[in-house]
Every structure is written in C-alpha cells, then in structure tokens.
Amino acid sequence: MSTKISALLIAYNEEKNIQRYIDQVKKYADEIIIVDSYSTDKTVEIAKRNKNVTFIQREFDNFTNQRNYALSLAKNDWVTFFDADEELSNKMIEEIITIVNSKNQFDAYYAHHDFYFNNKRIRFSGQQTVKAVRLFRKSKCKYLPHLKVHELLSCDTKIGSIKHKIKHHTFIDNILYLNKLNHYSKLRAEELYLKKTKPTFYHFKVKPLYRFLNYYILRLGFLDGIKGFTIAKLHAISVANRYKYLNEIYKKEQSK
C-alpha cells in the first residue's frame, strides 16, 4: 500500500497559479488542503471547481500561524507545503512519491529553487542558494511560533534534499513583487518592535545599501543583467521600508 500524502497550501490572490498548483499536487496527494486569506480575485472560484480540494478561509495574521493552522488540518503524517507560484516537474513528483514509499533516511527534505523573472531564469542575484523544507512528516516538524515572516520549520530530525528543483515564478511584475516584499517588511517590523529594536541611521541607510550591494555585487546579480539590478533595487527598497514601518509603529505607540 502506498503512503498517503497531504498537500497543503496557504493562498491569497493566486488566480494565475492556483489551477496549476492543484493539477500538479493531485498527481501525488491523497488530500489537498488550501487555506485562503479571503482572496479578492478568482482564487476562490477556481479552487472550488475542484471537488478533490478542501478549501478553508482564515483571516491572515502571519505566515507562521497560517501554515501551522493548515498543518493542523492534515490527516496524513507526510505533507508537502509548496507555494502556489512553485512549479513542480513530473520528475520531482515521481521523486516525492519514491521518497515517501521507501525506507526513509530522513523525515524532512529540502527543495532547491530555480528562480524565474518574467519566465527568464535568474541564476544569481542572491537566489542561487535558496532552499526550503517542502516535504516532511508533520509529527517531526513544526513552524516556530515567534516568527511572523520567513517562517522557520523546526524538525526533530536530520534533513535530506530532493534532487530535482522547483521552478519558482516569484518575479512576475516589479510592482507586484515589491508589494509582496513590503508585506514581508511590515511583518518583520512587528517582530523587531517586539524585540525592542529602534531604527537608526544605520537601519535607514546602511542596511538598504548593503542589501543592494550584496545582491548585485557580492552575489553576482550584475551577471543577470537589468533583471539583476532590478531585483537588488527592489530588495533594498523593501529593507528601507521595513524600518520605515518600524518607525511608524513607535510613533503610533507614542501618540497614544
């Protein structure tokens, strides 16, 4: 008997990606659970056309809580937690099936990413080493509750790697991508406020400049051409905005 897998997704306004996601995970998953943050586009309509999908809406508070909530709904121990903009090859799907049905050396597996900007492969720009745990036993792993963004999965086990890579369509539109980064920046500002970090000249000026130089020079973004420059610039802006949002939190608290 093959081992059952639950495919989990947290979603918001993913009308461009949601059907592809469902079509690819149904090739290996016995259960598909989507936790939606009250999307305002056609995500809900498209997802509900698929009778094999459990679709639940939950108000978004932060990424960690949203993921842990989805995890709590899974009936199976083995789960995948891919994002809607991550495309899986058939070979990767076959590898996932093989992993869960073999005598496992690991209870969790990293997936590495190949990043695409408007369907063009980004080979550098700080993206070349990105990986995330995407396949794991929920009995062995959980998302740490103190992080609101860039959620961290803690596993009571050594972590293996899936050989085949994800095709990640994260850079589609400059404005949309910056909006996505700024959403992360707001949540990160809330984390920093709880840590009592107060923004200074260093945070407002030095850190954004370093992020740009790190992505564009140190991590070879210039080899990706104008797209590499754009990625470095957008990330630098998001870092500056992080501390702008943090400063706004302090001002709001002081005005009370």
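Residues numbered from 1 in each chain as written. Predicted model: local features only at pLDDT ≥ 70, side-chain atom pairs only at ≥ 80, totals over all residues. Heavy atoms only, no water.

Draft legend 1. Inspection of the nonpolar core at higher detail. Leu 8, Phe 81, Phe 136 and Leu 153 are the most contacted members of the largest nonpolar core, which has 33 residues in total. The leading source of residues in this core is helix α5 (residues 174-194), at five residues. Listed in part, the 32 residues of the second largest apolar core include Ala 7, Ala 11, Ile 32 and Leu 135. (Core = buried A, V, L, I, M, F, W, Y, C linked by side-chain atoms within 4.5 Å. Buried < 20%, exposed > 50% of the residue type's maximum accessible area, 1.4 Å probe, protein only. Helix = DSSP H or I, 4+ residues; strand = E, 2+ residues; numbered from the N terminus.)

Draft legend 2. Broad picture of the packing of helix α6 (residues 201-218) against helix α7 (residues 225-255). Close contact between α6 and α7 brings their axes to 8 Å; oriented N to C, the two are set at 160 degrees. With respect to each other, α6 and α7 are oriented roughly antiparallel. In terms of crossing hand, the pair formed by α6 and α7 is right-handed. Classifying every residue of the contact of α6 with α7 gives 12 nonpolar, five polar and five charged. (Axes fitted to C-alpha atoms, helices over the stretch in contact; angles between N-to-C directions. Parallel < 35°, antiparallel > 145°, perpendicular 65-115°, else oblique. Left-handed = near helix turned anticlockwise from the far one by under 90°. Nonpolar A, V, L, I, M, F, W, Y, C, P; charged D, E, K, R; others polar.)

Draft legend 3. Highlighting unusual backbone geometry. In the Ramachandran plot, Ser 125 falls in the positive-phi region, its phi being about 60 degrees despite a non-glycine side chain. Position of Ser 125 relative to the elements: it lies in the loop between β7 (120-122) and β8 (131-137). What makes Ser 125 buried here is its relative accessible area of 0%. Not every positive phi belongs to a glycine, and Lys 196 is a case in point at roughly 65 degrees. Note that Lys 196 resides in the loop between α5 and α6. Given a relative accessible area of 69%, Lys 196 falls into the exposed group.

Draft legend 4. Here's a closer look at the pattern of salt bridges. For the structure shown, the criterion picks out 12 salt bridges. Arg 67 is paired through a salt bridge with Asp 83; the nearest N and O atoms lie 2.9 Å apart. Linking Arg 67 in helix α3 (residues 63-73) with Asp 83 in the loop between β4 (78-80) and β5 (86-87), this pair joins segments that are 16 residues apart in sequence. Ionic pairing is found between Lys 165 and Asp 114, a salt bridge with its closest N-O pair at 3.7 Å. Taken together, the residues span a long stretch of sequence, with Lys 165 in the loop between β11 (160-161) and β12 (166-171) and Asp 114 in strand β6 (residues 108-117) at a distance of 51 residues. Among the residues examined, Lys 165 registers a relative accessible area of 42% and is labelled partly exposed. Three or more residues are tied together by salt bridges with common partners; here these are Arg 67, Asp 83, Glu 86 and Arg 134. (Salt bridge = Lys/Arg side-chain N within 4 Å of Asp/Glu carboxyl O.)

Draft legend 5. Here's a closer look at the state of the cysteines. For the structure shown, the criterion picks out one disulfide. Across the disulfide, Cys 141 is cross-linked to Cys 155 (sulfur-sulfur distance 2.4 Å). Measuring the twist about the S-S bond at about 115 degrees, one finds the Cys 141-Cys 155 disulfide to be right-handed. Here the residue Cys 141 occupies a position in strand β9 (residues 141-143), and Cys 155 occupies one in strand β10 (residues 153-155), the gap between them amounting to 14 residues. (Disulfide = S-S within 2.5 Å.)

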